[in-house]
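Descriptive analysis of the structure
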Amino acid sequence: MKVDTEDALRASLAGSTCGSGRLPIVVLLSDGLPTVEEKRPDTLLDHARDWNTGRARVFALGVGHDVDASLLDRLAEEHGGTRGYVAPEEDIEVTASALFEALSHPVLTDLELAIDGAEVDRLVPRRLPDLFQGGRLIVAGRYRGAGPCAVRLTGSV
C-alpha cells in the first residue's frame, strides 16, 4: 500500500490543534520518498507551513535507506521538532519507543535564546526545538567580540 505524503501531512497538521496547556505533536514515519500525488519537496514544505495553523511540532522518523532526508530534516526543523533515522537492519521499536517516551515528557517549549555582550550570527538551528526529558539542545554559531557574555534561554514550562 502506498501512502500519500501530502495527504498524511494535510490530515495530521490541519487537525493538530489542542486545548490550552497542551502541545500538538505530529510524528511522521516515512519509509521512503514521496511517491504518490505531490512529490516535490519544496511544494510539500510550503503546504505544511500553510496547514500547520495549530503550530504542531513535527517529529520525523525515516525508516530504510531510500528516505528523503533533506525533506524530513526541513520538516522537523521548520516545525520545531527533531528527526531520526532507522536503517533496515536496526530495530525500529527501540528508536520509536525512545522518541515516544521523550515526547510524553515535555520540559520547555517555544524556546528563545538571547546573547548579550557579543555580536552573534549564523546560529543553527534557526528555530530552536522544544526540549523534552532526556533531550539536549545544541546551538552552533559565530560570534565577534571578547569578554563576558550573558546567555539566556527562555521558554514556556
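What counts and how
Residues numbered from 1 in each chain as written. Predicted model: local features only at pLDDT ≥ 70, side-chain atom pairs only at ≥ 80, totals over all residues. Heavy atoms only, no water. Pairing = 2+ DSSP bridges. Helix = DSSP H or I, 4+ residues; strand = E, 2+ residues; numbered from the N terminus. Axes fitted to C-alpha atoms, helices over the stretch in contact; angles between N-to-C directions. Contact = heavy atoms within 4.5 Å. 1 Å grid on protein atoms, 1.4 Å probe; cavity = no way out; pocket = protein on both sides within 12 Å on 5 of 7 lines; lining within 4 Å. Points joined across faces, edges and corners; volume = space filled by probe spheres on them. Nonpolar A, V, L, I, M, F, W, Y, C, P; charged D, E, K, R; others polar. Phe/Tyr/Trp six-rings, centres within 6.5 Å; stacked < 30°, edge-to-face > 60°. Core = buried A, V, L, I, M, F, W, Y, C linked by side-chain atoms within 4.5 Å. Buried < 20%, exposed > 50% of the residue type's maximum accessible area, 1.4 Å probe, protein only.

Some remarks on the sheet that holds strand β8 (residues 150-156)
Strand order across the open sheet formed by three strands is β6-β4-β8, with antiparallel pairing between neighbours. The two strands at the open ends of the sheet, each matched to only one other strand, are β6 (131-132) and β8. Judged from the two bridges that link them, strand β4 (residues 106-116) and β6 form a sheet pairing that is antiparallel. Paired with Leu108 across the strands is Leu131, a residue of β6.

Focus: the sheet that holds strand β3 (residues 83-86)
Pairing is parallel in the open sheet, where three strands are placed in the order β1-β2-β3. The sheet is open, and its two borders are formed by β1 (25-30) and β3, each paired with just one other strand. Ignoring which end each strand starts from, the neighbouring axes of this sheet average 15 degrees apart. Alignment of strand β2 (residues 57-63) against β3, held across four bridges, turns out to be parallel. Bridge pairing in β3 links Ala60 to Arg83. Across the face of the sheet, helix α3 (residues 69-78) comes into contact with β1, β2 and β3 while running at roughly 150 degrees to β3.

Re the layout of surface pockets
Taken as a whole, the largest pocket spans an internal volume of roughly 800 Å³. As for the largest pocket, its lining consists of 28 residues, of which Gly81, Thr82, Arg83, Pro129 and Arg136 are closest to the centre. The set of elements that each furnish at least two residues to the lining of the largest pocket consists of β2, α3, β3, α4 (92-103) and β6. Element by element, the count of residues in the lining of the largest pocket is highest for α4, at five residues. Looking at side-chain class alone, the lining of the largest pocket contains 15 nonpolar, seven polar and six charged residues.

A word on the packing of aromatic side chains
Scanning all chains against the criterion turns up one aromatic pair. Relative to Phe132, the ring of Phe59 lies with its centre 5.6 Å away and its plane at 80 degrees, an arrangement referred to as edge-to-face. With Phe59 in strand β2 and Phe132 in strand β6, this pair connects stretches of sequence that are 73 residues apart.

Points about the nonpolar core
In terms of nonpolar packing, the biggest core is built from 15 residues, with Leu9, Leu13 and Leu75 touching the most fellow members. Taken together, the elements giving at least two residues each to this core come down to α1 (5-14), β1, α2 (41-51), β2 and α3. Top element by residues in this core is α2. It accounts for four residues. Every residue in contact with Leu75, bar those within four places of it in the chain, is listed here: Leu9, Leu28, Leu45, Ala48 and Val58.

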